[in-house]
Amino acid sequence: FALIMTVIVLSSVFAAFKWTTANPSLHIAYEFVSILALSGVTFTIFTSVFEYVQKALEGLNTFMTALLPVVSSLYIFGGNPAASAASNSALLLFFSLMSTISAKFLMPFLQIAFALCLASALPGTVNLTSVSTLVKSTTTTVMAFIFSMFSFVMVLQTTIAAAADNYTYRTVRFASGVFVPVIGSILGDATRTVFGSIGVIKSTAGAIGITVILSIVIPPIILVILYKLALLGCAILSRVIGCEKESHFLYELNGILNVLMALVIGSAAVLIIAIAVFIKTGVSV
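Okay, so let's go over this structure. Remember, it's a predicted structure, so these values are computed and weren't measured experimentally.

## Brief notes about the overall build of the chain
Then comes step 1: Counting its regular elements, the chain contains six helices and zero strands.
Then comes step 2: Reading the chain from its N end, one meets helices and strands in the order α-α-α-α-α-α.
Then comes step 3: For the chain, contacts bridging at least 24 residues in sequence account for 84% of all contacts bridging at least 6.
Then comes step 4: Carbon and sulfur atoms provide 76% of the accessible area of the chain, an area that totals close to 14,100 Å².

## Quick word on the layout of surface pockets
Then comes step 1: Of the pockets and cavities examined, the largest pocket occupies roughly 350 Å³.
Then comes step 2: Forming the walls of the largest pocket are 19 residues, and the residues nearest its centre are Ser11, Ala15, Tyr30, Ser34 and Glu246.
Then comes step 3: Broken down by secondary-structure element, the contributors of at least two residues to the lining of the largest pocket are α1 (2-18), α2 (24-77) and α6 (244-280).
Then comes step 4: Among the elements that take part in the lining of the largest pocket, α1 stands out by supplying seven residues, more than any other.

## Re the packing of aromatic side chains
Then comes step 1: A complete count under the given rule lists six aromatic pairs for this structure.
Then comes step 2: Ring geometry for Phe46 versus Phe114: centroids 6.4 Å apart, planes at 65°, classification edge-to-face. Linking Phe46 in helix α2 with Phe114 in helix α3 (residues 81-121), this pair joins segments that are 68 residues apart in sequence.
Then comes step 3: The exposure class assigned to Phe46 is buried, which follows from its relative accessible area of 3%.

## Comments concerning the nonpolar core
Then comes step 1: In this structure, Ile4, Phe50, Leu250, Leu253, Ile256 and Leu271 are the most contacted members of the largest nonpolar core, which totals 71 residues.
Then comes step 2: Elements supplying a minimum of two residues to this core: α1, α2, α3, α4 (129-179), α5 (181-240) and α6.
Then comes step 3: What Ile256 contacts, discounting residues up to four positions off in sequence, is Phe46, Phe50, Phe109, Leu110, Ala113, Phe114, Cys117 and Lys136.

## Here's the deal with empty space enclosed by the protein
Then comes step 1: Counted under the stated rule, the structure contains two cavities of 30 Å³ or more.
Then comes step 2: Looking at the largest cavity, its volume works out to about 40 Å³.
Then comes step 3: If you list the elements that add at least two residues to the lining of the largest cavity, you get α2, α3 and α6.
Then comes step 4: If you tally residues by element for the lining of the largest cavity, the top one is α6, at three residues.
Then comes step 5: Split by residue class, the lining of the largest cavity holds six nonpolar, one polar and no charged.
Then comes step 6: In this structure, the second largest cavity spans a volume of roughly 30 Å³.
Then comes step 7: If you trace the second largest cavity, you find it lined by Phe50, Phe105, Leu106, Phe109, Val259, Leu260 and Leu263.
Then comes step 8: Counting only elements with at least two residues in the lining of the second largest cavity, the list comes to α3 and α6.

Rules used in this analysis
Residues numbered from 1 in each chain as written. Predicted model: local features only at pLDDT ≥ 70, side-chain atom pairs only at ≥ 80, totals over all residues. Heavy atoms only, no water. Helix = DSSP H or I, 4+ residues; strand = E, 2+ residues; numbered from the N terminus. Contact = heavy atoms within 4.5 Å. Areas by Shrake-Rupley, 256 points an atom, 1.4 Å probe, with all protein chains shown as cover. 1 Å grid on protein atoms, 1.4 Å probe; cavity = no way out; pocket = protein on both sides within 12 Å on 5 of 7 lines; lining within 4 Å. Points joined across faces, edges and corners; volume = space filled by probe spheres on them. Phe/Tyr/Trp six-rings, centres within 6.5 Å; stacked < 30°, edge-to-face > 60°. Buried < 20%, exposed > 50% of the residue type's maximum accessible area, 1.4 Å probe, protein only. Core = buried A, V, L, I, M, F, W, Y, C linked by side-chain atoms within 4.5 Å. Nonpolar A, V, L, I, M, F, W, Y, C, P; charged D, E, K, R; others polar.

Here you go:
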């Protein structure tokens, strides 16, 4: 906030001097230099924020990849091998998507969106505000659609697979009770005890997983919110002291942080839903 406001105050001071000349070319030059100086400062700040979020997504991906074998084992021990296969396939695909986004999408998106905002703010250039807004809105909408589809497909296929596991377990229990009455009853009671214990372990592992996910995603979310508040405060103060173009530029940059926040929250929501399905899924004993 202090760094951006320093640039804006200096721009305001230089803007007062530009009226000492009637040359319109010098007026444009003053505005051009002001926007370029502000863009240099903000791009450095945005790069650090995007890198921080990128590391958070990589950490989230690493943790969930390490947790996946535990989830698969508990699924199988709990009598849900089909649900384990269904959940693993969806999660592995989502992990691949997250890795691609963090490695190949974040920084190019920042550069493209920032360039569009800068082109709209520079004097004497084509106004690309509508294009910039379209890019940010489209990116947010596509991410929301992808995250929603992942959650829906994962929940649906895991539920169907769990129903198949439940049907298989009931069939085996019925057959063992019919053909081996005494031993079948003993096996049913033992299986009920084992599945109950597995359910407790699953709940504990799921709670730990959700806690770790929140501990990873909450810091970048808070950081992005604080930067958004700083940008909005600078934009408001810029308009108060008469720096209209600088204020408009900062408002446009604020939309980039909205996309970043949507990405982090959407990724965390999909993984929390996956863990919630993991805790809930089990055979009926």
